[in-house]
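Chain by chain, the residues:
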Amino acid sequence: MATKVTPNEVKERRDQAETEIIDVRTQDEVEEGMIPNAHHIPLDQVEEKVDQLDKDTEYITVCGSGKRADKAADLLNDRGYQAKTMEGGMQAWDGKVTK
């Protein structure tokens, strides 16, 4: 299972060039708000888009509560990427969101 990072760690790292946040929720869910600077790749599209990602970048996956993000991070890690999951998902996020 992927390493977890806290929402506070995500806030600190989201603007760093070597870290990218991937929101794996559905389109309807992200329309309610996403972490600023996050990229939306629904969980069911992660496998087909994995080759478009940079192996030198650290990825933090996010979903509603953490379960789908764990699956996405595990898939990325299995393919040789560096991926972690935000603990508690968007339910734990208390920062700004973009719509």
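Provided above is the structure to which this section pertains.
Residues numbered from 1 in each chain as written. Predicted model: local features only at pLDDT ≥ 70, side-chain atom pairs only at ≥ 80, totals over all residues. Heavy atoms only, no water.

### Here we look at the pattern of salt bridges
Throughout the structure, instances matching the rule amount to seven salt bridges. We note a salt bridge from arginine 13 to glutamate 58, for which the minimum N-O separation is 2.5 Å. Within this pair, whereas arginine 13 is found in helix α1 (residues 7–13), its partner glutamate 58 is found in strand β4 (residues 58–62), the two being separated by 45 residues in sequence. By relative accessible area, which is 17% here, arginine 13 ends up buried. Judged by its relative accessible area of 11%, glutamate 58 is buried. A single network of salt bridges, built from pairs that share partners, joins Arg13, Glu58 and Lys84. (Salt bridge = Lys/Arg side-chain N within 4 Å of Asp/Glu carboxyl O. Helix = DSSP H or I, 4+ residues; strand = E, 2+ residues; numbered from the N terminus. Buried < 20%, exposed > 50% of the residue type's maximum accessible area, 1.4 Å probe, protein only.)

### Side note on the pairing of β4
A regular strand places its side chains so that they alternate between the two faces of the sheet. In terms of burial, β4 is a largely internal element, five of the five residues being buried. Pairing of β4 with strand β5 (residues 82–86) involves four bridges; the strand directions are parallel. The residue of β5 that forms the bridge with glutamate 58 is glutamine 82. Once the chain exits β4 it traverses helix α4 (residues 67–78) before rejoining the sheet at β5, and the crossover so formed is right-handed. (Pairing = 2+ DSSP bridges. Right-handed = clockwise from strand over helix to strand, strands pointing away.)

### A word on the sheet that holds strand β1 (residues 3–5)
As summarised here, the arrangement of the five strands in space is β1-β5-β4-β2-β3, forming an open sheet in which the pairing is parallel. In this open sheet, the two strands that pair with only one neighbour each are β1 and β3 (39–40). Running over the sheet, α4 touches β1, β2 (19–23), β4 and β5 and is turned about 170° from β5. (Contact = heavy atoms within 4.5 Å. Axes fitted to C-alpha atoms, helices over the stretch in contact; angles between N-to-C directions.)

### Some points on the environment of valine 24
Turning to its location among the elements, valine 24 is positioned in the loop between β2 and α2 (27–30). Sequence separation between valine 24 and methionine 90 is 66 residues, and the spatial gap between their C-alpha atoms is 11 Å. Valine 24 has contacts with Ile41, Pro42, Leu43, Val46, Val62, Cys63, Arg68, Ala69 and Ala72, leaving out every residue within four places of it along the chain.

Honestly, it's all geometry; don't read function into it.
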